[in-house]
Amino acid sequence: MEKLLKSELKTSVLKAFGSSGGGCISQGQSYETDHGRVFVKINNKPQARTMFEGEMASLIAIQQTNTLRVPQPIKVIDLPGGGAAFAMEYLKMKSLFKYSAKLGEQVADLHLYNQKLGEKIKKEENTVGKGAGQTEPHHVDKFGFHNVTCCGYIAQVNEWQSDWPTFFIRHRLQAQMDLIERDYGDREARELWSRLKPKIPEMFCDLEIIPALLHGDLWAGNVAEDESGPILFDPACFYGHSEFELAISMMFGGFSSSFFSAYHSKIPKAPGFEKRNKLYQLFNYINHWNHFGTGYRGPTLNVMRKLLK
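Quick notes on the rules
Residues numbered from 1 in each chain as written. Predicted model: local features only at pLDDT ≥ 70, side-chain atom pairs only at ≥ 80, totals over all residues. Heavy atoms only, no water. Helix = DSSP H or I, 4+ residues; strand = E, 2+ residues; numbered from the N terminus. Rg over C-alpha atoms; globule rule 2.2 N^0.38 Å. Buried < 20%, exposed > 50% of the residue type's maximum accessible area, 1.4 Å probe, protein only. Contact = heavy atoms within 4.5 Å. Salt bridge = Lys/Arg side-chain N within 4 Å of Asp/Glu carboxyl O.

## Thoughts on the overall build of the protein
When its secondary structure is counted, the protein shows 9 helices and 11 strands. The C-alpha radius of gyration of the protein comes to 20 Å, within 12% of the 19 Å expected for a compact globule of 309 residues. Considered along the principal axes of its C-alpha atoms, the protein spans approximately 60 × 60 × 35 Å. Across the 309 residues of the protein, 50% fall into the buried class. Long-range contacts, defined here as pairs at least 24 residues apart, represent 64% of the contacts in the protein between residues at least 6 apart.

## So, unusual backbone geometry
Even without a glycine there, the phi angle at Lys 10 is positive, about 50°. Secondary-structure assignment places Lys 10 in the loop between α1 (2–8) and β1 (14–22). Classification of Lys 10 as exposed rests on a relative accessible area of 63%. A positive phi angle, close to 55°, is found at Asn 66, a residue other than glycine. Relative to the helices and strands, Asn 66 resides in the loop between α2 (48–65) and β4 (73–78).

## Details of the pattern of salt bridges
Across all of its chains, the model carries 18 salt bridges by this definition. The salt bridge partner of Asp 78 is Arg 49, with a shortest N-O separation of 2.8 Å. Of this pair, Asp 78 sits in strand β4 while Arg 49 sits in helix α2, placing them 29 residues apart in sequence. Under the relative-accessibility criterion, Asp 78 is labelled partly exposed at 44%. Classification of Arg 49 as partly exposed rests on a relative accessible area of 27%. The salt bridge partner of Glu 181 is Arg 190, with a shortest N-O separation of 2.9 Å. Arg 190 gets classed as partly exposed once you look at its relative accessible area, which sits at 39%. Salt bridges here are not isolated pairs; linked through shared partners, they connect Asp 186, Glu 188, Arg 297 and Arg 305.

Here is the structure:
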C-alpha cells in the first residue's frame, strides 16, 4: 500500500500521522508527503472506484461555484486486491460550532448559484456585445448530474430529467424501494408505496423548481470548520430541488437553529414546505433501511402513512 501511494502521489515521503479513522463506509488515514499533507480514504468494496469518482466530481462541482470550502481532490487510485483509494487535501477540522450561521448562508449561496448564473447569462444575451465568445461556467437547466454518485455505498442514477418530480420519484424513491423489494419483499412497504407514488406530483403543484447544485448528503457528520470558516466534505452531488438538502439536516440533529435561520433568510420556505420535507425525509429513511437494516422499517412506514393522510 505504501509503495503504491508513493508512486501514485509522486512523493518520496509518506508518513502517517494522527489516528486512522473511518465512517460506516470507508477508512481514512492522513499522511505527510513531499507536497504537503494529504488525507486518503480507502474502501475495498467492488464499487469503490464508482463511489470515489462520484465524490471527486462532486467536490470539483462545489469548488467551481466558489460558495463553499471543500477539500481539494487529488486522485482516485485502484487497489491491487480490488477496491480503491481516494487522495485529497488534508484539512485540520473540528466540529461545527462557531460558523453554523455562516454555513447556512453558504449552503443557500450554493443552492442559488445555478439560478443566478442563468439570470446572468440571460441578461448578457440581451446586452449588445456580451455573450459571444465568453467562457462562462456551465448553466444547468435539468435535474441530474454528469456522474453516478453514491449516498453511502448505494450508487445513484443521475440521468438528466427536465421534470423534478419525475427525477425524484424514479431515481431516488423508486430506486430505493426496488432494493427494499429485492432484499426484504416487505408487503406493507409495497402496499403503502403503491398508494403514495401517484400522489407525489400533486405536492409540487404551482411550484417553480430551478435546478440547484446540492451537496446531496448534508448531515452533521459531513460538515466541520477550521479557523477560517465552515467546511463540507463527503458530497454526493446532483442538481435537484433545494428543499431536498434540508431533510437530512433536520433528521439527526447537529445543526443549530442559526444554520436554518441564515439559510431561510436567503431562501424562504415555499408553501407546502413541511409536507415536502417529510417526503424528502422518506428518501433518507429508506436509504438508511437499505444500509443499516430493519431498525429503519418503522420510521419509513410511519412517514408513508403520514404522507397519505
